[in-house]
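Take a look at the letters that make up each chain.
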Amino acid sequence: QQKQQQQQQQTQPKQTSVYTKTGDKGESSLFNGERKHKSNVTFDALGDVDELNSNIGVAFEKCRKISKLSETCKQLEWCMAMLLNVGSHVATPRSRSSALKLARTDVDVESIKKLERWIDEMQSKLPRLTCFLVPIGGEACTSLHVARCGCRRAGRTILKLPETEVSEACRT
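Here's a quick rundown of the structure. (Residues numbered from 1 in each chain as written. Predicted model: local features only at pLDDT ≥ 70, side-chain atom pairs only at ≥ 80, totals over all residues. Heavy atoms only, no water.)

### Things to note about the packing of helix α2 (residues 41–63) against helix α6 (residues 139–159)
Reasoning step 1: Axis separation between α2 and α6 bottoms out at 8 Å; the angle between their running directions is 165°. One element, α2, and the other, α6, form an angle in the roughly antiparallel class. Every pair of crossing elements has a handedness; the one defined by α2 and α6 is left-handed. (Axes fitted to C-alpha atoms, helices over the stretch in contact; angles between N-to-C directions. Helix = DSSP H or I, 4+ residues; strand = E, 2+ residues; numbered from the N terminus. Parallel < 35°, antiparallel > 145°, perpendicular 65-115°, else oblique. Left-handed = near helix turned anticlockwise from the far one by under 90°.)

Here it is as structure tokens:
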């Protein structure tokens, strides 16, 4: 029976832990294996991108309760997948990573253009803005406002990274 349990353990995929269990002493690894202190701006950027993704997830859950927002939900899902790519990109310094790791974490310029087209399309349906908006309008609307604010913060944090760390596509 013990041999059977060992065989089962070997065939089951390893469960990823939510923490490293290594006593990291305030350091963490980037995708290329490089270790940096967690106070490094790279981890601020990664945290902001992660928080943005979580806020979009909350907005998605609120939007999917509204049938006329089904297309918006598809776009939000796409954005969440793209943000995982952005996080991988930020975690892979462009000047100090292998060609393989760089290729695996590239931010696709066409995806950025796609997102910009969606924004332009949505904005064309709105009245011209003449003042700041108060972030109200229901749960879906307010959670999208929170995600918008997180997006702006993540963008500002990414811009603090050295130009050699992230591609121009990720800085736009």
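### Re a positive patch on the surface
Reasoning step 1: A surface patch of like charges, here positive, comprises Arg148, Arg152, Arg156 and Lys160.
Reasoning step 2: Here Lys160 shows up in the loop between α6 and α7 (168–171). (Patch = residues over 30% accessible without salt bridge, like charges linked within 9 Å, V, L, I, M, F, W, Y side chains within 5 Å. Areas by Shrake-Rupley, 256 points an atom, 1.4 Å probe, with all protein chains shown as cover. Salt bridge = Lys/Arg side-chain N within 4 Å of Asp/Glu carboxyl O. Lys, Arg positive; Asp, Glu negative; His and termini not counted. Charge placed at Lys NZ, Arg CZ, Asp CG, Glu CD.)

### Comments concerning helix α5 (residues 109–124)
Reasoning step 1: With 16 residues, α5 ought to run about 22 Å at 1.5 Å a step, and its terminal C-alpha atoms sit 23 Å apart, in line with that.
Reasoning step 2: All of the buried residues along α5 are Ser111, Ile112 and Trp118. Buried residues of α5, viewed axially, fall in a sector of 120°; they line one side. Exposed residues lying more than 90 degrees from the buried face of α5 are Asp120, Gln123 and Ser124.
Reasoning step 3: As for α5, its buried residues are in contact with α3 (70–90) and α7. (Expected span 1.5 Å × (residues − 1). Buried < 20%, exposed > 50% of the residue type's maximum accessible area, 1.4 Å probe, protein only. Arc of directions from axis to C-beta. Contact = heavy atoms within 4.5 Å.)

### What about the side chain of Glu165?
Reasoning step 1: By the secondary structure assignment, Glu165 is in the loop between α6 and α7.
Reasoning step 2: Beyond its immediate sequence surroundings of up to four residues, Glu165 is in contact with Lys36, Thr92, Pro93, Arg94, Ser95 and Arg96.

### Considerations on the nonpolar core
Reasoning step 1: Ranked by size, the top nonpolar core spans 30 residues in total, and within it Ile56, Val90, Ile158 and Cys170 carry the most contacts.
Reasoning step 2: Breaking this core down by element, the ones donating at least two residues are α2, α3, α5, α6 and α7.
Reasoning step 3: With residues near it in sequence (within four places) discarded, Ile56 still touches Leu76, Cys79, Met80, Leu83 and Ala147. (Core = buried A, V, L, I, M, F, W, Y, C linked by side-chain atoms within 4.5 Å.)

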